[in-house]
Amino acid sequence: MSVKQIEKVMDAAKTAAAVLLSFAATILLICLVSSTPWQTVKDFFLGPFQTTRRIGNVIEMAIPICFTGCGICIMYSTGHINMGSSGYFYIGGLAASIVAYGLLLPSGLHPVVCILAGGLVAALIAAIPAVLFSAWGINEVVSSLMLNYIWVYLGTWILRTFMLDSAAGFNASKAFQETAKLSRIISGTRVHSGLILAVVVVLFSWLFLKKTKWGYQIRMMGMNSKFSVYSGMGVTGILLSSQMLGGFLAGIGGACEVLGMYTRFEWAAAPTTGFDGIMVAAIAYRNPALVPVAALFLAYVRVGADVISRTSDVPSEIVSIIQALIIMLVGAQMFLSGIRHKQIVKASVRQLAKEGK
Amino acid sequence: MSENYILEMRGITKVYPNGFVANKDVNLAVREGEIHALVGENGAGKSTLMKVLFGVEGHEEGEILLHGEPVKITDPISAIDMGIGMVHQHFMLVPSLTVAENIVLGREPRKNGVLVNMEKAIQDTRAICEKYNLKVDPTARVRDLPVGQKQKVEILKALYRKAKVLILDEPTAVLTPQETAELFVELKRMKESGHTIIFISHKLNEVKELCDRVTVLRLGRTIGTADLAGLSEQEISRMMVGRDVILKIQKQPAKPGAEVLKVRDLNLNSADGRPILRDVSFSVRAGEILGVAGVEGNGQREMSEIITGLLPFARGEITISGQSIRGRSIRAIRDMGVSHISEDRMTYGVAASASVAENIISDRFQKAPYCKHGFLQTKQIGSLCKKLIAEFHIKCDDSSAPVKTLSGGNMQKVVAAREFSQDPKVSIVNQPTRGIDVGATEFVRNKIVDLRDQGTAVLLISADLNEILELSDSLIVMHGGEIAAYLPDSGKVTETELGEYMLGIRHQTPEEIRSACHEC
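Keep in mind the model is a prediction, meaning the values are calculated, not measured. Counting of residues starts from 1 at the beginning of each chain's written sequence and follows it residue by residue. For this description, chains carry letters from A and ligands carry numbers from 1, given in the order in which they are written. For a predicted model such as this one, the threshold for reporting local features is a pLDDT of at least 70, and the threshold for listing and counting side-chain atom pairs is 80 or more; totals across whole chains, interfaces and linings nevertheless cover every residue.

K.L.:
Teacher, can you tell me more about the overall build of chain A here?
P.N.:
For helices the rule is a DSSP run of H or I covering at least 4 residues; for strands it is a run of E covering at least 2, with both sets numbered from the N terminus onward. Scanning chain A from N- to C-terminus turns up 14 helices and 0 strands. Element order for chain A, N to C, with α for helix and β for strand: α-α-α-α-α-α-α-α-α-α-α-α-α-α. Against the globule reference of 21 Å for 357 residues, chain A gives a C-alpha radius of gyration of 22 Å, in line with a compact fold. Over its C-alpha atoms, taken along the principal directions, chain A stretches across nearly 80 × 65 × 35 Å. Counting all 357 residues of chain A, 47% fall into the buried class. C-beta atoms are placed from the backbone for every residue, and two residues are taken to be in contact when these atoms lie within 7 Å. Sequence-distant contacts in chain A: of pairs separated by 6 or more residues, those separated by 24 or more amount to 78%. Only C-alpha atoms enter the radius of gyration; for comparison, a globular chain is expected to reach 2.2 Å times N to the power 0.38, where N is the number of residues. Once C-beta atoms are placed from the backbone, each residue is buried if 20 or more other C-beta atoms lie within 10 Å of its own, exposed if 12 or fewer, and partly exposed for counts between those two.

Below, the structure is given as structure tokens:
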């Protein structure tokens, strides 16, 4: 095996080991706190597959994460960390909602306009941290994270001032036009046609990042931005456009979520989907092709936790422990690095012997 | 052990995380009180071996013995505690602190057990300077010192930490011939006072002059250890290279054409107002190599960065075939036919984690036939890479191998393959063979001559005097941001003469320097 192959295999092994270790920890925890450990463990692992409804739950939970996850893959490939996808997702949903109840359009066109509106507004606000960084060197991690609060409170103000339907009985917008809603595509579940768009987004992101000249520039900038500058690439433009594209994807994700799962805009806070995207992109090693796998996995453990919280005495918060363990272990540079280094040493020494040196 | 070795390294194997085997079963035995040379080409594993000894890098196999006892050196602190000191190739000093502060850093003399006793620190520094007759002003700030003085501070730092074994990693690489001579006197004095010195170099005349014994490394292995007394330079060189080669580049006399690159009255000040370039004017004609000699840090790097668009310039004018580059982006300047080998390969020259192919296309990925409708054309890129890998003898699994898995020499060939393959009008070649093995050096140098013969105007900047003298058709010497001399025929220049211009001891008249512009 070449060094390159070893690195790939070890990345996969690291993820697998992280998953197994976190599962082991979960089982241990369940055994410690549950009075019916065996049944609880079984429910946790098999529960999500037991009914069509639960399988649907897994898929519908994974859909929005695919959008934010792919957006994160593109944004993070520049080497710049943008923590704002939670805000972009929220604003995308908000903007789509305004179009969804406020405009009268034919049924085929209406959701398209809603989704585009969500994506474009989100793209615009996603440009802000990149502009702040390019113009004044303001750290994007901090600015994008802080801006999340601004978007959510701005959104709440817009909702309460302009969108509120007093007949609804709670803080929610007027009901969406029927023409705007995304249709259910699997009966017995709430899986909506946003799934198709999610598949398209995953394919697009992968092609864009790996096969186009724009993706190439983004990746080179992420690996060595000085090299990009020296080669003649305009890094400011690349940064700006990649952040806007990432924001766009998160925004259309938010739009699909409100149009597929809700009848009114009623988010009082930003859903966790934005941060889920960061987690999923990390597990997928920033490869959009692996994002759906990671998103489905995350949705699976969440639905599993949901099942046991209803059927047993173990609370669903246990899922946070699994998430935390996986992310920590996948992210840990040194985890399994001893084995990796030994493999590389072996391969290199073998290679030397083969070359007869 | 019959012989009195102060230090032994046995069977050391070191593999870097990228899979590069830097040392394989290397042995080194150093006697007490000798100056032991460690020689080998660039990339032979000398620096790695010393990093292992100093605890900067770990090792996979082998053991280290100090006074015959096996020791574990886990980090530089334990190495220092065992009496090992190292002067790195790139100085590890705090520029904003004074000499005395740098020397005592981490081991400061205390006042009342808490406060730093600065007077004592200065006294100690003076005492140690006198003891070893190394003349440095303890109160000077390190950033104001010339390179030779900084090196003395590094040596003093090691001596202050009571080093008995002193490792010097290519100490003469940054020095002028005159400074080198001074260093040798000091090192011999240290040897007489009982210190053991490991001297890393690939300059054989220096090794012959200074050292007692030599260990030769080649491709990460020990070739052997010998007394220098009965050994000729040719014999050592054969051990180093494995064959009889002396780098002699075959080249025809240049046939210079029209002026291509013209630099007029270029000036640049640093952020704090210090002049970096002062009224630099010269021109390079098609089909000639103009060498730029000079101690590093005399404006050469900034000059090449200005010409290639990496740095903006305030005063002066630069034209390529009559067209000004002022206000143009790096890509626009590259599109005018300027190619650039950066002195800092890992920072600018390559994206180490990216593949060979991705590194080769970084200056043409957006152009046909490599890109159509925004999509990269894998086939066209593949055949380009195949051609260049063959033409430049790049040793790699295939073009998808990450560049970081290649040796330094092969990385530089990737850079050269990119920068030399688009028929550049002007090529700014900065330290083209720094840190690469002799085979790759020879190859890259020949490619530079080929490029010249195809009519490219080459500006060659190098700290390696041999390289400058070997390749250049004519040359300029830079000192303090100015051109100190223009020497139209590099064949008639001696190293001593160059050294004097580099140090600023000699300076040509403005008339002589003006002839560096051909069509003024």
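Past the structure itself, the notes keep going.
K.L.:
Please clarify how the interface of chain B and chain A should be interpreted in this entry.
P.N.:
Contacts between the two partners involve 33 residues from chain B and, on the opposite side, 25 residues from chain A. Of all the secondary structure elements, the ones that give two or more residues to the side of chain B that touches chain A are strand E2 (21-31), helix H10 (330-335), helix H11 (345-349) and strand E20 (375-376) of chain B. The biggest single contributor to the side of chain B that touches chain A is H10(B), with 3 residues.

K.L.:
Quick question: what am I supposed to make of the confidence of the model for chain B here?
P.N.:
Reading fine detail from the predicted coordinates is not recommended where pLDDT is low. The predicted model of chain B averages 89 in pLDDT, with 97% of residues at 70 or higher. Model confidence for the complex is summarised by a pTM of 0.82, with the ipTM given as 0.86. Residue-level confidence of the predictor is what pLDDT reports, using numbers from 0 through 100.

K.L.:
Can you walk me through the pairing of strand E9 (residues 165-169) of chain B in this structure?
P.N.:
In regular strands, side chains alternate between the two faces of the sheet. Residue and element names in this part refer to chain B. Among the 5 residues in E9, 5 count as buried, and that is most of the element. Between any two strands, at least two bridges found by DSSP are needed for them to pair. For strand E6 (residues 84-87) and E9, the ladder comprises 4 bridges, and the chain directions are parallel. If you follow Gly85 over to E9, its bridge partner there is Leu166. Traced from E9 through helix H6 (residues 177-192) to strand E10 (residues 196-201), the parallel crossover comes out right-handed. By convention, a crossover is right-handed whenever its connection, traced from the first strand over the helix to the second and viewed with the strands pointing away, goes clockwise.

K.L.:
So what exactly am I meant to see when it comes to the domain arrangement of chain B here?
P.N.:
By convention, interface size is frequently given as the accessible area that disappears when the constituent parts associate. Residue and element names in this part refer to chain B. Split by domain assignment, chain B resolves into domain 1 (5-241), domain 2 (250-337 + 423-520) and domain 3 (350-421). What marks off one domain from the next here is an automatic or database domain assignment. Between the C-alpha centres of domain 1 and domain 2 there is a distance of 33 Å. Across the boundary between the two partners, domain 1 contributes 9 residues, which contact 11 residues of domain 2. Within the side of domain 1 that touches domain 2, the residues separate by chemical class into 4 nonpolar, 4 polar and 1 charged. Ten residues, namely Ala, Val, Leu, Ile, Met, Phe, Trp, Tyr, Cys and Pro, are considered nonpolar, four, namely Asp, Glu, Lys and Arg, are considered charged, and the remaining ones, Gly among them, are considered polar.

K.L.:
Teacher, can you tell me more about the packing of helix H12 (residues 291-311) of chain A against helix H13 (residues 318-331) of chain A here?
P.N.:
Packed helices, taken two at a time, are described by the angle between their axes plus the distance between the axes. Residue and element names in this part refer to chain A. Between H12 and H13, the least distance of the axes is 9 Å, while the angle of their chain directions is 155°. In terms of orientation, H12 and H13 fall into the roughly antiparallel class. Handedness of the crossing formed by H12 with H13: right-handed. In contact with Val301, Arg302 and Ala305 of H12, H13 contributes Ile318, Val319 and Ile322. Partitioned by chemical class, the residues of the contact of H12 with H13 number 5 nonpolar, no polar and 1 charged. In this analysis an axis means a line fitted to C-alpha atoms, helices contributing only their contacting stretch, and an angle means the value between N-to-C directions, from 0 to 180 degrees. For classification purposes, angles smaller than 35 degrees are called roughly parallel, those larger than 145 roughly antiparallel, those between 65 and 115 roughly perpendicular, and all remaining angles oblique. Whether a crossing is left-handed or right-handed is set by the direction in which the near helix is turned from the far one by less than a right angle, anticlockwise for left-handed and clockwise for right-handed.

K.L.:
Looking at this structure, how should I read helix H13 (residues 378-391) of chain B?
P.N.:
Residue pairs three or four apart in sequence face the same way in an α-helix, which turns once every 3.6 residues. Residue and element names in this part refer to chain B. Take the number of residues in a helix, subtract one, and multiply by 1.5 Å to get its expected span. Between the first and last C-alpha of H13 there are 20 Å, a value that for 14 residues agrees with the 20 Å anticipated at 1.5 Å per step. Along H13, the residues classified as buried are Ile381, Leu384, Cys385, Leu388 and Ile389. For H13, the arc enclosing every buried residue in end-on projection is 130°, short of the 170-degree limit, so these residues lie on one face. Exposed residues lying more than 90 degrees from the buried face of H13 are Lys379, Lys387 and Ala390. The inward-facing, buried residues of H13 abut helix H12 (356-360), E20 and helix H14 (408-420). His393 lies just past H13 and shows a positive phi near 50°. The arc refers to the directions leading from the helix axis to the C-beta atoms.

K.L.:
Would you explain the nonpolar core in this entry?
P.N.:
Across soluble globular proteins, nonpolar side chains have a tendency to be buried as a group. The term nonpolar core refers to a set of buried Ala, Val, Leu, Ile, Met, Phe, Trp, Tyr and Cys residues connected through C-beta atoms within 7 Å. Ranked by size, the top nonpolar core spans 177 residues in total, and within it A:Cys66, B:Leu460 and B:Ile476 carry the most contacts. Counting contributing residues, this core receives three or more from each of domain 2 (250-337 + 423-520) and domain 3 (350-421) of chain B. Residues contacting A:Cys66, with those up to four places away along its chain left out, are A:Ala198, A:Val201, A:Val202, A:Val291, A:Pro292 and A:Ala295. Of all hydrophobic cores here, the second largest spans 62 residues; its members include B:Leu53, B:Leu93, B:Leu187 and B:Ile200.

K.L.:
Quick question: what am I supposed to make of the pairing of strand E12 (residues 221-227) of chain B here?
P.N.:
All names here are of chain B. By the bridge criterion, 6 bridges tie strand E11 (residues 213-218) to E12 in an arrangement that is antiparallel. For Val216, the partnering residue across the bridge sits in E12 and is Gly224. Between E11 and E12, which pair antiparallel in sequence order, lie 2 residues; one of them, Leu219, sits at a positive phi of approximately 50°.

K.L.:
Looking at this structure, I do not really get the environment of A:Ser183. What am I missing?
P.N.:
All names here are of chain A. Relative to the elements of secondary structure, Ser183 occurs in the loop between helix H6 (140-163) and helix H7 (194-211). Taking the C-alpha atoms as reference points, Ser183 and Ser193, separated by 10 residues in sequence, lie 5.8 Å from one another. With sequence-adjacent residues up to four places away left out, Ser183 is seen in contact with His192 and Ser193.

K.L.:
For this particular structure, what's the right way to read the sheet that holds E12(B)?
P.N.:
Pairing between the strands of a sheet comes from backbone hydrogen bonds, and it takes one of two forms, parallel or antiparallel. All names here are of chain B. Reading across from one edge, E6-E9-E10-E3-E11-E12 is the order of the 6 strands in this open sheet, with mixed pairing throughout. Strand pairing shows two members of the sheet lacking a second neighbour, E6 and E12, which therefore form its edges. Sheet twist, expressed as the average angle between the axes of neighbouring strands with direction ignored, equals 20°. Summarising the sheet, E9 and E10 pair through 5 bridges and their orientation is parallel. By the bridge assignment for E10, Asp169 is matched with Ile200. Its contacts with the sheet put helix H5 (residues 147-160) on E6 and E9, and the angle it makes with E6 is roughly 170°.

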